[in-house]
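Okay, here's what each chain looks like letter by letter:
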Amino acid sequence: MQYIQIKEKQIETIIREFKNSNTLKIYFKGNVLNISKPKRMTLKKLNKIIKENEEQIYNQYIKIMSPENTYIKHWKTEEKILYKGEEYKIRVKEIETDRINVLIKPEEKIFEIKIPHGIDDEDRKANVDRAIKILFKNNTEALINERLPYWSKKTNIEYVQFKIGDAISKFRKLYTKQKNITL
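Conventions we followed
Residues numbered from 1 in each chain as written. Predicted model: local features only at pLDDT ≥ 70, side-chain atom pairs only at ≥ 80, totals over all residues. Heavy atoms only, no water. Helix = DSSP H or I, 4+ residues; strand = E, 2+ residues; numbered from the N terminus. Buried < 20%, exposed > 50% of the residue type's maximum accessible area, 1.4 Å probe, protein only. Contact = heavy atoms within 4.5 Å. Areas by Shrake-Rupley, 256 points an atom, 1.4 Å probe, with all protein chains shown as cover. Pairing = 2+ DSSP bridges. Axes fitted to C-alpha atoms, helices over the stretch in contact; angles between N-to-C directions. Salt bridge = Lys/Arg side-chain N within 4 Å of Asp/Glu carboxyl O. Arc of directions from axis to C-beta.

Student: Lay out the overall build of the chain in plain terms, naming residues and giving numbers.
Tutor: Each helix and strand counted, the chain has four helices and eight strands in total. Overall, the chain shows an N-to-C arrangement of helices and strands of β-β-β-β-α-α-β-β-β-β-α-α. With 183 residues in all, the chain has 33% of them scored as buried. Across the chain, the fraction of contacts at a sequence separation of at least 24, relative to all contacts at a separation of at least 6, is 37%. As displayed, the chain has an accessible area near 12,800 Å², and 51% of this comes from carbon and sulfur atoms.

Student: Could you give an account of the sheet that holds strand 1 (residues 2-6), naming the residues involved and the relevant values?
Tutor: The four strands are arranged 1-2-4-3 in an open sheet whose pairing can be described as mixed. Strands with a single pairing partner mark the edges of an open sheet, and in this sheet they are strand 1 and strand 3 (25-29). With direction set aside, neighbouring strand axes in the sheet form an average angle of 35 degrees. In the sheet, strand 3 pairs with strand 4 (residues 32-38) via five bridges, with the strands oriented antiparallel. Residue pairing in the sheet places phenylalanine 28 in a bridge with leucine 33 of strand 4. Across the sheet, helix 1 (residues 43-52) touches strand 1, strand 2 (9-18), strand 3 and strand 4, and the angle it forms with strand 4 is around 130 degrees. Against the sheet, helix 2 (residues 54-65) contacts strand 1, strand 2, strand 3 and strand 4, and its axis sits at roughly 115 degrees relative to strand 2.

Student: Can you explain the pattern of salt bridges? Please cite residues and give values.
Tutor: The tally for this structure, following the rule as stated, stands at 13 salt bridges. In this structure, glutamate 52 engages lysine 48 in a salt bridge whose closest nitrogen and oxygen atoms are separated by 4.0 Å. With glutamate 52 and lysine 48 both in helix 1 and four residues apart, the pair spans about one turn of that helix. With relative accessibility at 57%, the residue glutamate 52 sits in the exposed group. The partner of glutamate 112 in a salt bridge is arginine 91, and the shortest N-O contact between them spans 3.2 Å. Of this pair, glutamate 112 sits in strand 8 (residues 110-116) while arginine 91 is found in strand 6 (residues 86-95), placing the two residues 21 residues apart along the sequence. Taking relative accessible area as the criterion, arginine 91 reaches 26% and is therefore assigned partly exposed. One continuous salt-bridge network, built from bridges that share partners, spans Arg91, Lys93, Lys105, Glu108, Glu112 and Lys114.

Student: Give me the lowdown on helix 1, citing residues and values where you can.
Tutor: Within helix 1, burial applies to Leu46, Ile49 and Ile50. All buried residues of helix 1 lie within an arc of 100 degrees about the axis, which places them on one face of the element. Across from the buried face of helix 1, at angles greater than 90 degrees, the exposed residues are Lys44, Lys51 and Glu52.

Quick look at the structure:
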């Protein structure tokens, strides 16, 4: 994971190089700053361009991270999340621990997130994002493992194994080639 310091914020960043690209693209995907640059562009030149556009990048980041932005989860009590096609409320509890724990209560339609006491909002978000991603991956594996034999028999398609992977990185590769959003 890479980070760029803009003003007082450490912004998670993904930098990609493309040998056939002629343009620099700087855009946010969620709260991650994506930079696609021509292979021939030096990091010194890239840093100069980022410095020239620092105010605009910073303002966009603040807008994305604001509590009014419902696209980004801030993991606060009373936010809502979709899980298995149903809406769940998020309930956050601060406890004396050094780990984040996520518990799903399907009967109450609640995502209970236990976080260490005193963690700042940016660290909280990044760590809860990671914990939720792991939880969703594990739950997806369990669901597919449960349903795959039924569908294999129904479709007469045999399988040896299945694997749940993170398609975000594959999607980002396609996305950056097709979508040109510049600051």
